[in-house]
Amino acid sequence: MSGAGRPPGPAAGTQDQPCRGAVPELDGARSRAERRRTRRFFNRVAPAFHVIDRNLLPAYREVLATLGLDPALTVLDVATGTGTLALAFAERGHTVTGIDFAERLLAKARRRLPGADLRLMDLVELPRFPDRSFDVVTTAYLLHGLPPDLRRFTLCEAGRLARRHVLVFDYPGPGPWYVRIIEAIEGPHYPGFVARPFADLAAEAGLEVVLGGETSRHGGWWLCRPGSLSPPPLETSGPTGT
Ligand SMILES: C[S@@+](CC[C@H](N)C(=O)[O-])C[C@H]1O[C@@H](n2cnc3c(N)ncnc32)[C@H](O)[C@@H]1O
């Protein structure tokens, strides 16, 4: 993993400036330990990812075809994993950057996308990218697995980094029993995520959902408009590392 940066902290936001403030939890030992566990989990399950990739690629392709975004738009895929969504964007001609902290998944993404800029990075290092670095910031099936503070931080960062759109794929509500079992193995945050409409989570990070729909595989997607940047710029609050 690249060296750790200092995370900003959007948790103590106000209605006008939802991403302003500090989130000391992101620096804390508990948060670091949880991220370490998550990283280990995804590296362990890497061999099974071809099944997930096979299921998700058609859904991603279908949504991108529906949206018909200009291929000149640059894309950051946050938590790219094996690069399935990044691949769907690249197939349409977009220049793609991807980040993820699970090296085994990222190795596979690099094999599938030799032309993409794929970086071994933790979410808490997103502040290294300057404001409005990409036209589109996207993330797929990441948010349901994150604790609420890191989830909001990630959405705030997506809004800060995106010039045009934030595109999110995830569960729109509680899935069938086997999805619930798989997600319980991943961690404890899925029930809290699916209990709330995504538009509410987005609004807490200053994002406005402008379009959305469901995919064939118990999934949902939301195209969001990033808000204006909240001055002062996101604050830093201490060292990180996973
Ligand atoms: C369910 S997978 C989804 C992967 C990919 N977006 C897809 O659609 O196939 C969740 C991904 O989030 C990544 N992830 C979780 N927490 C992260 C963190 N703190 N920093 C970077 N990546 C993280 C995992 O390594 C994993 O690749």
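The structure this text deals with has already been given above.
Below, the structure is looked at part by part. (Residues numbered from 1 in each chain as written. Predicted model: local features only at pLDDT ≥ 70, side-chain atom pairs only at ≥ 80, totals over all residues.)

## A closer look at the overall build of the chain
- Along its length, the chain carries eight helices and seven strands.
- Taking all 242 residues of the chain together, the buried fraction comes to 44%.
- Excluding contacts between residues fewer than 6 apart, the proportion of contacts in the chain whose partners are at least 24 apart in sequence is 69%. (Helix = DSSP H or I, 4+ residues; strand = E, 2+ residues; numbered from the N terminus. Buried ≥ 20, exposed ≤ 12 C-beta atoms within 10 Å, placed from the backbone. Contact = placed C-beta atoms within 7 Å.)

## Quick word on the nonpolar core
- Grouped together as the largest cluster of nonpolar side chains are 61 residues, with contacts concentrated most on V78, A86, L113, V137, V166, V168 and A202.
- Apart from residues lying up to four places away in sequence, A86 is in contact with D77, T80, V96, G98, A109, L113 and A116. (Core = buried A, V, L, I, M, F, W, Y, C linked by C-beta atoms within 7 Å.)

## A short note on the pairing of strand β2 (residues 96–100)
- Most of β2 sits out of view: four of its five residues are buried.
- The sheet contact formed by strand β1 (residues 75–78) and β2 spans four bridges and is parallel. Paired with V75 across the bridge in β2 is V96.
- For the crossover from β1 across helix α3 (residues 84–91) to β2, the handedness is right-handed. (Pairing = 2+ DSSP bridges. Right-handed = clockwise from strand over helix to strand, strands pointing away.)

## Some points on the packing of helix α2 (residues 49–67) against α3
- Relative to each other, α2 and α3 sit at 40 degrees, their axes nearing to 9 Å. Of the possible angle classes, the one that applies to α2 and α3 is oblique. Considering the relative orientation of α2 and α3, their crossing is right-handed. Along its contact with α2, which presents D53, L56, L57, Y60, R61 and L64, the element α3 presents T84, L85, L87, A88 and F89.
- Tallied by class, residues from the contact of α2 with α3 come to eight nonpolar, one polar and two charged. (Axes fitted to C-alpha atoms, helices over the stretch in contact; angles between N-to-C directions. Parallel < 35°, antiparallel > 145°, perpendicular 65-115°, else oblique. Left-handed = near helix turned anticlockwise from the far one by under 90°. Nonpolar A, V, L, I, M, F, W, Y, C, P; charged D, E, K, R; others polar.)

## Here's the deal with the site of the ligand
- In the vicinity of the ligand lie 20 residues, with A79, G81, F101, A102 and A140 positioned nearest.
- Counting only elements with at least two residues in the shell around the ligand, the list comes to α1 (29–44), α2 and α3.
- The element that contributes the greatest number of residues to the shell around the ligand is α1, accounting for three residues.
- Residues that form the shell around the ligand fall into these classes: twelve nonpolar, five polar and three charged. (Near = placed C-beta within 6 Å.)

## As for the pairing of strand β4 (residues 134–140)
- β4 sits mainly inside the fold: six of its seven residues count as buried.
- Relative to β4, β1 runs parallel, the two sharing four bridges. Residue V75 lies in a different strand from β4, and its bridge partner there is V136.
- Pairing of β4 with strand β5 (residues 162–170) involves six bridges; the strand directions are parallel. Paired with T139 across the strands is V168, a residue of β5.
- Of the crossover connections in this fold, the one passing from β4 over helix α5 (residues 148–161) to the parallel β5 is right-handed.

## Some details on α5
- Between its first and last C-alpha atoms α5 spans 20 Å; for 14 residues at 1.5 Å apiece the expected length is 20 Å, and the two agree.
- Most of α5 sits out of view: twelve of its 14 residues are buried.
- Among the residues making up α5, those that are buried are L150, R151, R152, F153, T154, L155, C156, E157, A158, G159, R160 and L161. (Expected span 1.5 Å × (residues − 1).)

## Remarks on the sheet that holds β1
- Pairing is mixed across the open sheet formed by seven strands, whose spatial order is β3-β2-β1-β4-β5-β7-β6. Each end of this open sheet is capped by a strand with a single partner; those strands are β3 (117–120) and β6 (208–214). Sheet twist, expressed as the average angle between the axes of neighbouring strands with direction ignored, equals 15 degrees.
- For β2 and β3, the ladder comprises four bridges, and the chain directions are parallel. Bridge pairing in β3 places T97 opposite D117.

## A short note on unusual backbone geometry
- The phi torsion at A79 lies on the positive side, around 60 degrees, for a residue other than glycine.
- Secondary-structure assignment places A79 in the loop between β1 and α3.
- Its identity as a non-glycine residue notwithstanding, Y141 has a phi of 55 degrees, on the positive side.
- Inspection of the secondary structure assignment puts Y141 in the loop between β4 and α5.
- Residue Y141 is classed as partly exposed on the basis of its 19 C-beta neighbours within 10 Å.

Fair warning: the whole summary comes from geometry, so function is off the table for now.
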